[in-house]
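What the coordinates show
Here is how the chains run, residue by residue.
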Amino acid sequence: MNILAIESSCDETAVAVVRDGRNLLADCIASQVDIHRLYGGVVPEIASRKHVEAIYPLAEEALKTAGLTRRDVDAVAVTFAPGLIGAVLVGVNFAKAAALTLGVPLIPVHHIRGHIAANYLTHPDLEPPFLCLVVSGGHTMLVDVRDYTEMEILGGTRDDAAGECFDKIARVLGMPYPGGAALDRRSQAGDPKRYPMPKVRVDGNPLDLSFSGLKTAAINLIHNAAQKGETLEIPDLCASVSQAVSDALTTRAALALRQTGRTTLAVAGGVAANSRIRADLTVLAEQTGVRLCLPELRFCGDNGAMIGAQAYYEYLAGHTADMTLNAYATKSMIGEQLS
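For clarity, every value in this text was computed on a predicted model and none was experimentally measured. One numbering rule holds for all chains: residues counted from 1, following each sequence as written. At least 70 in pLDDT is required for a residue's local features to be given in this predicted model, at least 80 for side-chain atom pairs to be given and counted, and no such filter applies to totals for whole chains, interfaces and linings, which use all residues. Only hydrogens and water are set aside when side-chain values are computed; all heavy atoms of the structure are taken into account.

Focus: the side chain of D236
- By the criteria applied, helices consist of DSSP H or I runs no shorter than four residues and strands consist of E runs no shorter than two, each listed in order from the N terminus. The topology assignment puts D236 in helix α8 (residues 234-260).
- Residue classification places D236 among the buried residues on the basis of a relative accessible area of 11%.
- Contact definition: two residues touch when any of their heavy atoms are within 4.5 Å. The residues contacting D236, other than those within four sequence positions of it, are G190, D191, R194 and Y195. Accessibility here uses a 1.4 Å probe with only protein chains present; expressed as a share of the type maximum, an area under 20% marks a residue as buried, one over 50% as exposed, and anything in between as partly exposed.

Some remarks on the nonpolar core
- Nonpolar core, defined: a set of buried Ala, Val, Leu, Ile, Met, Phe, Trp, Tyr and Cys residues in which side-chain atoms within 4.5 Å join the residues together. One finds I169, M197, F211, V245, L249 and L265 to be the most contacted residues of the largest nonpolar core, which totals 47 residues.
- When contributions to this core are tallied by element, the ones reaching two or more residues are β6 (130-135), α5 (162-172), α6 (179-187), α7 (212-228), α8, β9 (264-268) and α9 (275-288).
- Counting residues per element, this core draws most heavily on α8, at twelve residues.
- M197 has contacts with L214, A218, L221, L237, S240, V241 and A244, leaving out every residue within four places of it along the chain.

Some words on the sheet that holds strand β1 (residues 2-7)
- The strand order across the open sheet formed by five strands is β3-β2-β1-β4-β5, and the pairing between neighbours is mixed. This sheet does not close on itself; its edge strands, each paired only once, are β3 (23-31) and β5 (106-110). Averaged over all neighbouring strand pairs, the angle between strand axes comes to 20°, with direction disregarded.
- Note on pairing: two strands pair once DSSP finds at least 2 bridges between them. Where strand β4 (residues 75-81) and β5 come together, five bridges link them in parallel fashion. Looking at the pairing, V76 lines up with L106 of β5.
- The axes used here are C-alpha line fits, helices contributing only the stretch in contact, and every angle between their N-to-C directions lies in the interval 0 to 180 degrees. Contacts from helix α3 (residues 85-102) reach β1, β4 and β5, with the element oriented near 160° to β4.
- Across the sheet, helix α4 (residues 111-122) is in contact with β1, β4 and β5; its angle to β5 comes to roughly 85°.

Here's the deal with the sheet that holds strand β7 (residues 140-145)
- Ordered in space as β8-β7-β6-β9-β10, the five strands form an open sheet in which the pairing is mixed. Only two strands of the sheet have a single neighbouring strand rather than two, namely β8 (151-156) and β10 (291-293). Going from strand to strand, the sheet's axes swing by 25° on average, the running direction of each strand aside.
- Relative to β7, β6 runs antiparallel, the two sharing six bridges. Bridging across to β7, L131 finds its partner in D144.
- Contacting β6, β7, β8 and β9, α8 runs over the sheet at an angle of about 160° to β6.

This is how it looks when you write it as C-alpha cells:
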C-alpha cells in the first residue's frame, strides 16, 4: 500500500511516500528555518503562506523520487492535530483535494502518533507494546503504546515542554533559531555541574513533569549576571540546563518502565535529537536491560515519513475520514488525545 503523507503542522512542509508502514520510498522537506530565524521563532502567518507555496511542487517531487505516478497512490494521509491551525489547514486542504481527485481514502493522523511511528522506520522489527518518551518543542509525555492505534498517556508536563524550555533559554542567551539545537551544541563542551538547577517533583502523579521552574531559574541566572556585570560560562550553563532536563526525563522513564513492566523504551520528537538525553537514556537502557529505540536524527523533527508510517496502521484499524475532515481539523485547536 503506497501512502502519500502530508505534514504541515508547524514550519516544515513535508511530503513522503511510505509503503506498508515501514518502507520509505521518498521523504521530501521544504524547510523554513532560514526565514523564521530572522524573527527568532516561528511566525504562524508566514509559515502558513510558505506551506501554500511549497506543498504542491513538493508532492510532485515526492512521487518522482519514489518512482511512482499518481495512479500508484493508494491513500493520502495528513496531520490533523495538534499544530498551528493555519499551517495544519494547508496540509489538510491539500490532502482532501488530493484524495478526492485520486479517488483514494483520506487518513487523518495525530502528530504525536506520527512521532512515535518514526521508530518503525528506524527499527523495522519494533512492534507494540512498548513505552515511548515523547519530547518535542510543544509536548513532553510518557505514552504506553499498547498497540499501533491504542495508546495511553501515563504522564506529561504540567506547563512548559522540554523543547520549549530549551528554546526560550537559548533565545535569552542570544542563540540563533532553532535554539534547542544551538544550546545542545554549546553544552557538549560544558560542565553540567557548574550551575545547579532545580529538580521539580509534581504532586498527584509521579510521572508528570514541570519545566517552567527550570526555565525561570536559568533565565533569572542570566539576567542577574548581566545586572551585576558578571560573566557566565555559557557552555557550562547550557550543559547544566541540558543535564537537568535529561535527569527529569530519565528518572520518569525509569519509573514508567518499572510500573508498566515494558521491556522496550522508544523515544520520539524533536528533542529526541538532543545528545545528552540520548546518551543518558542509553545508560539507563544498559543498566536496566531494556531495549532502547532511538529514531534516526532525520526522523526526530517534523517529517512526512512518520505520518505515512502511522497512517498505514490507522488505515488497517479503519480510521479513515470523509472529505470534509471538519471533525478532525477543529481538534487542531483543542485536542490532545492519542486514542
